[in-house]
Amino acid sequence: METYNRIALVGIEQEEYDVIKANYSGHIIWHQSIPKIVVKDGVLYMEKTNGVGMLPVDKVVYYGIYDNDFDFITGLAIWRGDCYPNAAAMLDCRFKIPCLVKALSLSKFSAPRGFISAGASVNIANDTVAKWGNWHCGENKHRFTGEWESQFTATIEPYYEGEAVRIMMIGDVYWQIKLEGDDWLKSIHPDNAGFMPVDEDLLADTIHIKETLQMDMIGNDYIVAKDGSKYLLEVNHIPNITRFDEVREAYLSTVIEWIN
């Protein structure tokens, strides 16, 4: 098979681009938004960083979540070439609700979910959380009790009081991160979010989901309730790698080893 001594980086920020560029001797096409591509005769052609025209690439590193990235990931999956993370797995996990359905069927810590169509109303006696959309940023969530009409297609689940944690994996390297926030919405972004001892059961659960869905990287969010019960909340197919230096370094060394 012909090689072109050229890789593509899509969604990679300047800081990470500089590190990868310093550790790769070939040519790089770099896009911080979704580029146009053509797949022909098993070859992936991508528009140039600057200028007109397309060039063939050997490998693609993709990092980011964009409004319009599903079709792009589909093209990468059709190509079936070297992509990090695995394009077919990203395709399976790009839409949050279908990905959750798959993950709940695999997890030891799955609790039943409800579902509500856009424009429908539901009346629930207990503290409940609705989630919609395909962003994983602590947004698109609503906590309610009683009558609620949803503007969006959403999942509904009981509100679990407890500790919010993420099991994060890049390749075989893993961490457990305590998620924080000023209210019931927790994420990795607050200053007091940080590493904590790894729960072996949650790690095993995450590894099982990651391997079954053939993902190269994963961030699984769980709640550990006050009584010790554990619940899978969601799967992040492109977990944040820039929040912690340790995670960023592991990501960069993994990517650099992979492209070389």
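Residues numbered from 1 in each chain as written. Predicted model: local features only at pLDDT ≥ 70, side-chain atom pairs only at ≥ 80, totals over all residues. Heavy atoms only, no water.

Draft legend 1. Representation of the sheet that holds strand β9 (residues 121-132). Taking strand neighbours across the sheet as the criterion, the four strands line up as β8-β11-β9-β10 in an open arrangement whose pairing is antiparallel. The open sheet is flanked by β8 (114-116) and β10 (141-149), the only strands paired with a single partner. Across the sheet, the mean angle separating the axes of adjacent strands is 40° when strand polarity is ignored. (Pairing = 2+ DSSP bridges. Helix = DSSP H or I, 4+ residues; strand = E, 2+ residues; numbered from the N terminus. Axes fitted to C-alpha atoms, helices over the stretch in contact; angles between N-to-C directions.)

Draft legend 2. Main features of the pairing of strand β12 (residues 162-170). Counting buried positions over the nine residues of β12 gives seven, a clear majority of the element. Summarising the sheet, β12 and strand β15 (residues 217-225) pair through nine bridges and their orientation is antiparallel. Along β15, the bridge assignment pairs V165 with Y222. Here β12 runs beside strand β13 (residues 173-178); their pairing, made up of six bridges, is antiparallel. When the bridges of β13 are listed, I167 appears paired with Q176. Joining the antiparallel neighbours β12 and β13 is a turn of two residues, in which G171 adopts a positive phi near 60°. (Buried < 20%, exposed > 50% of the residue type's maximum accessible area, 1.4 Å probe, protein only.)

Draft legend 3. Molecular detail of the packing of helix α1 (residues 14-22) against helix α6 (residues 245-259). At a minimum axis distance of 10 Å, the contact between α1 and α6 shows a crossing angle of 40°. The angle between the axes of α1 and α6 places the two elements in the oblique class. Between α1 and α6 lies a crossing of right-handed hand. Residues E15, E16, V19 and I20 of α1 pack against R248, L252, V255, I256 and I259 of α6. Among the residues making up the contact of α1 with α6, the classes are represented as six nonpolar, no polar and three charged. (Parallel < 35°, antiparallel > 145°, perpendicular 65-115°, else oblique. Left-handed = near helix turned anticlockwise from the far one by under 90°. Contact = heavy atoms within 4.5 Å. Nonpolar A, V, L, I, M, F, W, Y, C, P; charged D, E, K, R; others polar.)

Draft legend 4. Quick peek at the packing of aromatic side chains. Tallied over the entire structure, the rule returns 13 aromatic pairs. With a centroid separation of 4.3 Å and an interplanar angle of 20°, the aromatic rings of F70 and F95 are classed as stacked. Placement of the pair is F70 in helix α2 (residues 69-79) and F95 in the loop between α3 (87-93) and α4 (96-106), with a sequence separation of 25 residues. For F95, a relative accessible area of 32% corresponds to the partly exposed category. Chaining the aromatic ring pairs together yields one cluster made of W132, F144, W148 and F152. Stacked on the ring of W258, the Lys or Arg K59 has its end atom at 4.8 Å from the ring centre. Against the face of Y159 rests R143, its NZ or CZ located 3.6 Å from the ring centre. (Phe/Tyr/Trp six-rings, centres within 6.5 Å; stacked < 30°, edge-to-face > 60°. Lys NZ or Arg CZ within 6 Å of the ring centre and 35° of its normal.)

Draft legend 5. Examining the nonpolar core more closely. Counting 52 residues, the largest nonpolar core has L9, I12, V60 and Y251 as the members making the most contacts within it. When residues in this core are grouped by element, the largest group, seven residues, is from α6. Excluding anything up to four places from it in sequence, Y251 contacts I12, V61, Y62, Y63, Y84, I170, M217 and I241. Listed in part, the 21 residues of the second largest apolar core include M169, L202, I218 and V235. (Core = buried A, V, L, I, M, F, W, Y, C linked by side-chain atoms within 4.5 Å.)

Draft legend 6. Molecular detail of the side chain of R94. Positionally, R94 belongs in the loop between α3 and α4. At 3.0 Å, the side chain of R94 and the backbone oxygen of Y66 are in polar contact. Within the structure, the side chain of R94 is placed 2.6 Å from the side chain of D69, a separation counted as a polar contact. With near-sequence residues (within four places) excluded, R94 lies in contact with I65, Y66, D69, F70, I73, N134 and H237. (Polar contact = N/O pair within 3.5 Å; in protein donor to acceptor, adjacent residues only side chain to side chain.)

Draft legend 7. Representation of α6. In a regular helix each residue adds 1.5 Å, so 15 residues correspond to 21 Å; α6 covers 21 Å between its end C-alpha atoms and thus fits that length. Restricting attention to buried positions, one finds in α6 the residues V247, R248, A250, Y251, L252, V255, I256 and I259. (Expected span 1.5 Å × (residues − 1).)

Draft legend 8. Spatial organisation of the environment of M217. If you trace the backbone, M217 turns up in strand β15. Between the C-alpha atoms of M217 and Y160, which are 57 residues apart in sequence, the distance is 26 Å.

Draft legend 9. The pattern of salt bridges, seen in detail. According to the stated counting rule, one finds twelve salt bridges in the structure shown. Between E15 and R248 there is a salt bridge, and its shortest N-O distance comes to 3.7 Å. Of this pair, E15 sits in helix α1 while R248 sits in helix α6, and the two are 233 residues apart along the sequence. With relative accessibility at 15%, the residue R248 sits in the buried group. (Salt bridge = Lys/Arg side-chain N within 4 Å of Asp/Glu carboxyl O.)

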